[in-house]
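One letter stands for each residue in the lines below.
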Amino acid sequence: MASTRYVALLRGINVGRARQLDMPRLREALTARGHQAVRTHLRSGNVVLDSPLSEGDLAADVREAIGREFGFDVPVVVRTGTEVAAVVAGDPFATVATDAARYLVTFLPEPPAPANVDALPAADSGEYLVRGRELYLWLPDGIANTPLASWKWDRLLGVPGTARNWNTVTKLAELAS
């Protein structure tokens with residue numbers, strides 16, 4: 001059966017003391033479940049792997065593996081390597097985002113309802129764009145100092161996501177190519 005190269009993004013792990021996940025142990029657990037070429041990047045829950053499963057089945061399988069191995073539920077958002085490469089290639093803020101650490105992409109499991117996107121308020125500082133299943137956030141004054149970063153995006157969009165800075169996004173695209 002043919003495999004696809006995927007990036008699995010785990011939400012809310014290894015932040016503070018709660019929900020600590022050991023990356024070598026995660027790699028072992030996913031390999032034991034039949035996924036191949038399993039790699040992790042940083043401790044923030046970025047996994048690159050090859051799997052014959054569909055995107056939805058892979059997200060469910062990774063979530064189940066974490067539940068069994070670590071004992072807690074972690075939302076998982078999955079993209080193909082090709083989709084992550086397209087996020088980088090289609091960078092909407094390439095001409096304005098001058099600091100990759102202040103530029104975030106939130107990966108959503110599904111596109112938000114158009115009515116939710118249409119109802120988003122204007123940004124006082126920084127910029128945002130919702131395109132498909134991604135929310136791009138340019139926060140020129142930094143995450144702590146740009147009000148846009150503190151918006152309750154899950155509530156506004158009606159879809160919970162998981163954010164990565166542009167450095168991480170481009171590295172994941174490279175690892176998944």
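What counts and how
Residue numbering note: each chain is counted from 1, following its sequence as written. Only residues with pLDDT of at least 70 get local features here, since the model is predicted, and only at 80 or more are side-chain atom pairs given and counted; chain-wide, interface and lining totals rely on the full set of residues. No hydrogens and no water enter the side-chain calculation; it runs on all heavy atoms of the structure. Strand pairing is assigned whenever DSSP identifies at least 2 bridges connecting the two strands. A helix here means a DSSP run of H or I that spans at least four residues, while a strand means a run of E at least two residues long, and both kinds are numbered starting from the N terminus. To obtain each axis, a line is fitted to C-alpha atoms, and for helices this fit is confined to the stretch in contact; angles are then taken between N-to-C directions over 0 to 180 degrees. A contact between two residues is defined here by any heavy atoms of the two lying within 4.5 Å. Any Phe, Tyr or Trp ring, taking Trp's six-membered ring, that has another such ring centre within 6.5 Å forms a pair; planes under 30 degrees apart are called stacked, those over 60 apart edge-to-face, and the others tilted. Residue burial is assigned from relative accessible area. The probe radius is 1.4 Å, only protein chains are included, and a residue is buried under 20% of its type maximum, exposed over 50%, and partly exposed in between. Arc, as used here, means the arc of the directions from the helix axis to the C-beta atoms. N or O atoms closer than or at 3.5 Å make up a polar contact, with two conditions inside protein: a donor-capable atom paired with an acceptor-capable one, and, for residues adjacent in sequence, both atoms drawn from side chains.

**Here's the deal with the sheet that holds strand S7 (residues 134-138)**
Piece 1. With antiparallel pairing, the 4 strands of this open sheet are ordered in space as S6-S7-S5-S8. At either margin of the open sheet sits one strand with a lone partner, and together these are strand S6 (127-131) and strand S8 (162-165). Sheet twist, expressed as the mean angle between neighbouring strand axes with direction ignored, is 20°.
Piece 2. Note that strand S5 (residues 103-107) and S7 share 5 bridges and pair antiparallel. The partner of tyrosine 103 across the bridge, within S7, is tryptophan 138.
Piece 3. The sheet strands contacting helix H6 (residues 166-175) are S5, S7 and S8, and the helix crosses S8 at an angle near 90°.

**Points about the packing of aromatic side chains**
Piece 1. In total, this model carries 6 aromatic pairs according to the counting rule given.
Piece 2. Pairing phenylalanine 70 with phenylalanine 72 gives two aromatic rings, centres 6.4 Å apart and planes at 40°, and the pair type is tilted.
Piece 3. Relative accessible area serves as the criterion here: at 14%, phenylalanine 70 is assigned to the buried category.
Piece 4. Taken together through their ring pairs, the aromatic side chains of Phe93, Tyr103 and Trp166 make up a single cluster.

**Some words on helix H1 (residues 23-32)**
Turn by turn, an α-helix covers 3.6 residues, leaving residues three or four places apart pointing in a common direction.
Piece 1. Buried within H1 we find Met23, Leu26, Ala29 and Leu30. The buried residues of H1 occupy one face: seen down the axis, they fall within an arc of 120°. Turned more than 90 degrees off the buried face of H1, the exposed positions are Glu28 and Ala32.
Piece 2. On the buried face of H1, the contacting elements are strand S1 (4-10), strand S2 (36-41), strand S3 (46-51) and helix H2 (55-70).
Piece 3. The backbone nitrogen of arginine 25 has a side-chain oxygen 3.0 Å away, supplied by the residue at the start of H1, namely aspartate 22.
Piece 4. Directly beyond the C-terminal end of H1, a positive phi value near 100° is found at glycine 34.

Nothing here speaks to function; it is all geometry.
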